[in-house]
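Here is what each chain is made of, one letter per residue.
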Amino acid sequence: MSEGTMQRRAQRDQRDDQTVQRTGRLRAALVGAVAVPAMLVATGCSSGDSGSGSDSDGAKASGGAQTSSSASASPTPTVRPAAYGTLPKVCGVLSKKTLEELVPEAKSGKEGTTSDTSTRSNCSWDSLDNNGVKGSQFRWLNVSLLRFESDVTRGEGDKLAHEYYEKQVKDAMAVAGAKNTKSEPVAGAGDEATAVRYDLKKKEGAFKQQTVVARVENVVITLDYNGAGLAGDKTPNADDLTKAAQKAAKEAVASVTAANTGKGGGTATAPSGSPTPSASASKKS
């Protein structure tokens, strides 16, 4: 092979190498050009998904806010206010004339201690007519007042008072040691009233016990009245004592009503969440 032929072959091989290199660079450039739009498309899709997620999250958040707002806008439970908002002075619920009939020897009433006289109070009177060797006549009178306020958790005041009224009657019918127990409704003493009477033997003598329980609106009046003949004196007539007790109970009911409807009377109380009276304010002798 001549020197000229060898030189031409070397030149041709050099051109082929350059052609291969240019072809490789062109292919790389084309691949890069194709990759850029693909990345742009991927980025656009990703951006769209992100926006969609944000809208969804926003809708969820908005929905949550609406639910919370709806919950907070729920109406607050209410209950009808109690009719009576106060109590009269308990030692003044009976007239002087009535006291002279029931407890003639009593000088004044003894008011019980309480933390809130607007919801509960009681007053008692003792009377002993001492006739020396001829014996003595004893009388004891107690008036208890208990007012119930309406409560959103327990109910309306008059409903609570009715429940307590029934409990008081039941307790009076179940006194330990009582004999000849009888009960009867009392007309004209508030919304409902019951008189319970029985005999009770004590070391001092034979006692005739009368208990009148009356309810007017959201107030319960419990009147206890008993009498006995001591030191050989005769036992008082139970019918007379019952009649006197019922008359006094009606007067006490009228005093409660007047305190809440007359001049200076109380007004209905608003519903309260505070505890209402539930324990008996009545004291038995």
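See the structure printed just above.
Nothing here was measured: the structure is a model prediction, and the numbers come from that model.

Tell me about the sheet that holds strand β6 (residues 205-216), and please be specific about residues and values.
In space, the seven strands of this open sheet follow the order β1-β2-β3-β7-β6-β5-β4, with antiparallel pairing throughout. Each having just a single partner strand, β1 (110-111) and β4 (179-185) make up the two edges of the open sheet. In terms of strand pairing, strand β3 (residues 136-147) meets strand β7 (residues 219-230) through 12 bridges, oriented antiparallel. Looking at the pairing, Leu141 lines up with Tyr225 of β7. With respect to the sheet, helix α4 (residues 238-261) is in contact with β3, β4, β5 (192-202), β6 and β7, its orientation differing from that of β6 by roughly 30 degrees.

How would you explain the pattern of salt bridges if you had to name every residue and give the values?
Where charged atoms of side chains with opposite charge meet at close range, the side chains can pair. For the structure shown, the criterion picks out 10 salt bridges. Between Glu101 and Lys247 there is a salt bridge, with its nearest N and O atoms 3.2 Å apart. With a gap of 146 residues between them, Glu101 in helix α2 (residues 96-102) and Lys247 in helix α4 connect regions that are remote in the sequence. Using a relative accessible area of 41% as the deciding quantity, one classes Glu101 as partly exposed. In this structure, Arg197 and Asp239 form a salt bridge, with 2.8 Å as the shortest nitrogen-oxygen distance. Of this pair, Arg197 sits in strand β5 while Asp239 sits in helix α4, and the two are 42 residues apart along the sequence. With a relative accessible area of 48%, Asp239 lands in the partly exposed category. Counted as one network, the salt bridges with shared partners bring together Arg80, Glu156 and Asp158.

Go over the environment of Asp224, please, and point to the residues and values.
With respect to the helices, strands and loops of the structure, Asp224 is situated in strand β7. Between the C-alpha atom of Asp224 and that of Val213, which follows or precedes it by 11 residues, the distance is 8.7 Å. Of note is the side chain of Asp224, whose polar atom sits 2.7 Å from the side chain of Thr211.

Let's hear about the packing of aromatic side chains: which residues, and what values?
Counted under the stated rule, the structure contains two aromatic pairs. Centroid distance Phe138 to Phe207: 6.1 Å. Interplanar angle 75 degrees. Geometry classified as edge-to-face. With Phe138 in strand β3 and Phe207 in strand β6, this residue pair connects regions lying 69 residues apart in the sequence. Both residues of the pair, Phe138 and Phe207, belong to the buried class. When the centroid spacing of 5.6 Å and the interplanar angle of 50 degrees are considered together, the rings of Phe148 and Tyr164 count as tilted. Of this pair, Phe148 sits in the loop between β3 and α3 (157-173) while Tyr164 sits in helix α3, and the two are 16 residues apart along the sequence. By relative accessible area, which is 2% here, Phe148 ends up buried. The ring centre of Phe207 lies 4.8 Å from the NZ or CZ of Lys202, which sits over that ring.

Mind laying out α3, listing which residues take part and the relevant values?
Given a rise of 1.5 Å per residue, 17 residues ought to cover 24 Å, and the 25 Å separating the end C-alpha atoms of α3 matches this to within 8%. What α3 keeps buried is the set Gly157, Leu160, Ala161, Tyr164, Tyr165, Gln168, Val169 and Ala172. In this structure, the buried side of α3 is in contact with β3, β5, β6 and β7.

Rules of the game
Residues numbered from 1 in each chain as written. Predicted model: local features only at pLDDT ≥ 70, side-chain atom pairs only at ≥ 80, totals over all residues. Heavy atoms only, no water. Pairing = 2+ DSSP bridges. Helix = DSSP H or I, 4+ residues; strand = E, 2+ residues; numbered from the N terminus. Contact = heavy atoms within 4.5 Å. Axes fitted to C-alpha atoms, helices over the stretch in contact; angles between N-to-C directions. Salt bridge = Lys/Arg side-chain N within 4 Å of Asp/Glu carboxyl O. Buried < 20%, exposed > 50% of the residue type's maximum accessible area, 1.4 Å probe, protein only. Polar contact = N/O pair within 3.5 Å; in protein donor to acceptor, adjacent residues only side chain to side chain. Phe/Tyr/Trp six-rings, centres within 6.5 Å; stacked < 30°, edge-to-face > 60°. Lys NZ or Arg CZ within 6 Å of the ring centre and 35° of its normal. Expected span 1.5 Å × (residues − 1).

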